[in-house]
Amino acid sequence: MGPMRGRGHGGRRAPMAEINVTPLVDVMLVLLIIFMITAPLLVAGVPVNLPDSRAGALDQDQKPISVSLDDGGKIYVNDEETAEAALPARLEVLAAAAAKGPEAPQVYLRADRGLDYGRVMKVMGELNRAGLNKVALVTVGEEGR
């Protein structure tokens, strides 16, 4: 695979007409490994034990607001922990920012299955009071078990 020597060229080297793809393959394999490692970490920021459901997934154009309640009762808005006392003000800010858009934002409410029903309803009440009425309860489908 080295340079070719021609008899009629007086010993001059002819240009090599092959492209070495080994560095390209190496880079692509490294990128593949990086994406394989980081992709599962991007799914959900708050670990929540979701209930099961046979309902289908929702179609949506814009990024939804995510509200999560973990098994300890802590509230997370878009993966940032929020105190229960600060929740109404935080939701009003999100509702005001979303009101500038063409349609009301979708809210995904993720609650741990071990939580009290009243705790979840209290958060849903705060969402309703802030004007965020398109609330979807997130569950684990049959294929996610």
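Whatever comes next refers back to the structure up there.
A brief structural summary. What you are looking at is a predicted structure, and each value in this text was computed from that prediction instead of being measured.

### Notes on the environment of Ala 99
Secondary-structure assignment places Ala 99 in the loop between helix H2 (87–98) and strand S6 (107–111). On the basis of relative accessible area, Ala 99 is assigned to the exposed category, the value being 59%. In sequence terms Ala 99 and Gly 131 are 32 residues apart; their C-alpha atoms lie 9.4 Å from each other.

### Digging into the packing of H2 against helix H3 (residues 117–129)
H3 packs onto H2 with a crossing angle of 40° between their chain directions and a minimal axis gap of 9 Å. Classified by the angle between their axes, H2 and H3 sit oblique to one another. Helix-helix and strand crossings are classified by hand; for H2 and H3 the assignment is right-handed. Seen from H2, the contacting residues are Leu 87, Pro 88, Leu 91 and Glu 92; seen from H3, they are Val 123, Glu 126, Leu 127 and Arg 129. Its residues assigned to classes, the contact of H2 with H3 comprises 5 nonpolar, no polar and 3 charged.

### Observations concerning the environment of Asp 79
Within the secondary structure, Asp 79 sits in the loop between strand S4 (75–77) and strand S5 (80–82). C-alpha separation for the pair Asp 79 and Ser 66, spaced 13 residues apart in sequence, amounts to 7.3 Å.

### Thoughts on the nonpolar core
When a protein is soluble and globular, its nonpolar side chains tend to lie buried together. Val 67, Leu 69, Val 123, Leu 127 and Leu 132 are the most contacted members of the largest nonpolar core, which has 18 residues in total. Elements that contribute at least two residues to this core include exactly strand S3 (65–69), S4, H2, S6 and H3. Here this core takes 4 residues from H2, the largest share from any one element. Beyond its immediate chain neighbours, meaning those up to four positions away, Leu 127 contacts Val 67, Leu 91, Val 107, Leu 132 and Val 135.

Rules and cut-offs
- Residues numbered from 1 in each chain as written.
- Predicted model: local features only at pLDDT ≥ 70, side-chain atom pairs only at ≥ 80, totals over all residues.
- Heavy atoms only, no water.
- Helix = DSSP H or I, 4+ residues; strand = E, 2+ residues; numbered from the N terminus.
- Buried < 20%, exposed > 50% of the residue type's maximum accessible area, 1.4 Å probe, protein only.
- Axes fitted to C-alpha atoms, helices over the stretch in contact; angles between N-to-C directions.
- Parallel < 35°, antiparallel > 145°, perpendicular 65-115°, else oblique.
- Left-handed = near helix turned anticlockwise from the far one by under 90°.
- Contact = heavy atoms within 4.5 Å.
- Nonpolar A, V, L, I, M, F, W, Y, C, P; charged D, E, K, R; others polar.
- Core = buried A, V, L, I, M, F, W, Y, C linked by side-chain atoms within 4.5 Å.

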